[in-house]
Amino acid sequence: MTTHALPPSLAEIVDDFQALTEPERLQLLLEFSRELPELPDRLKNHPELLEQVVECQSPLFLTIETEKNDAGSADTFRLYFKAPPEAPTTRGFAGVLLEGLDGLSAEEILAVPDDMPELLGLTRAITPLRMRGMTAMLGRIKRKVAASARLNS
């Protein structure tokens, strides 16, 4: 599969991973891990607003929020993740999804292929269980976005 089917922000990340050797890909994943922002204050003390992705080996929680775009028409989605610092792979995957999907419309997010995590070229370097965790994160985001889009239409 090529990256032209992906939103530009996510395609750029995938291209960056694909241009590297396997050890360099792991380093890039660690960079995404370090760049994952903390939850905003309004979410920090409200775990009930976050949903756990139980398929992840490490505890990962996420939520989405809907906001109107500048034109006030189509909704865009903001993503928020909580993952422990001692889980760099999980945090890295969350960072990739945050940078690649945050601020996009429902149509853009829902069009991302379910097997997109495989495009990062990490399947030999990361255990299959961890890869399933990233696929589960993407699936959970898409499910929440689809549910939110139905409510708002």
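So, here is what we can say about the structure in this document. Quick caveat, the model's predicted, so the values are computed rather than measured.

Cut-off values and rules
- Residues numbered from 1 in each chain as written.
- Predicted model: local features only at pLDDT ≥ 70, side-chain atom pairs only at ≥ 80, totals over all residues.
- Heavy atoms only, no water.
- Core = buried A, V, L, I, M, F, W, Y, C linked by side-chain atoms within 4.5 Å.
- Buried < 20%, exposed > 50% of the residue type's maximum accessible area, 1.4 Å probe, protein only.
- Helix = DSSP H or I, 4+ residues; strand = E, 2+ residues; numbered from the N terminus.
- Contact = heavy atoms within 4.5 Å.
- Salt bridge = Lys/Arg side-chain N within 4 Å of Asp/Glu carboxyl O.

## A closer look at the nonpolar core
Nonpolar side chains in soluble globular proteins tend to be buried together.
Then, in step 1: With 41 residues, the main nonpolar core has Phe-81, Val-96, Leu-101 and Met-116 as its most contacted residues.
Then, in step 2: Among the secondary structure elements, those contributing two or more residues to this core are α1 (8-18), α2 (22-35), β2 (61-68), β3 (75-82), α4 (88-101), α5 (106-110) and α6 (128-152).
Then, in step 3: Ranked by residue count, the leading element in this core is α6, at seven residues.
Then, in step 4: With residues up to four places along the chain from it excluded, the contact list for Val-96 reads Leu-10, Ile-13, Phe-17, Leu-29, Phe-32, Met-116, Leu-120 and Met-134.

## Here's the deal with the side chain of Arg-140
Then, in step 1: Tracing the sequence through the fold places Arg-140 in helix α6.
Then, in step 2: The class of Arg-140 is buried, set by a relative accessible area of 11%.
Then, in step 3: Contacts of Arg-140, omitting those with residues within four sequence positions, involve Glu-51, Gln-52, Val-53, Val-54, Glu-55 and Leu-62.

## Things to note about the pattern of salt bridges
Then, in step 1: Tallying each qualifying case throughout the model produces 10 salt bridges.
Then, in step 2: Across the pair Arg-140 and Glu-55 runs a salt bridge, and its minimum N-O distance is 2.9 Å. Note that Arg-140 is positioned in helix α6 and Glu-55 in the loop between β1 (51-52) and β2, a separation of 85 residues in sequence.
Then, in step 3: A salt bridge links Asp-114 to Lys-142, with the nearest nitrogen and oxygen atoms 2.6 Å apart. Here Asp-114, found in the loop between α5 and α6, pairs with Lys-142, found in helix α6; they are 28 residues apart in sequence, far enough to count as distant.
Then, in step 4: Classification of Lys-142 as buried rests on a relative accessible area of 12%.

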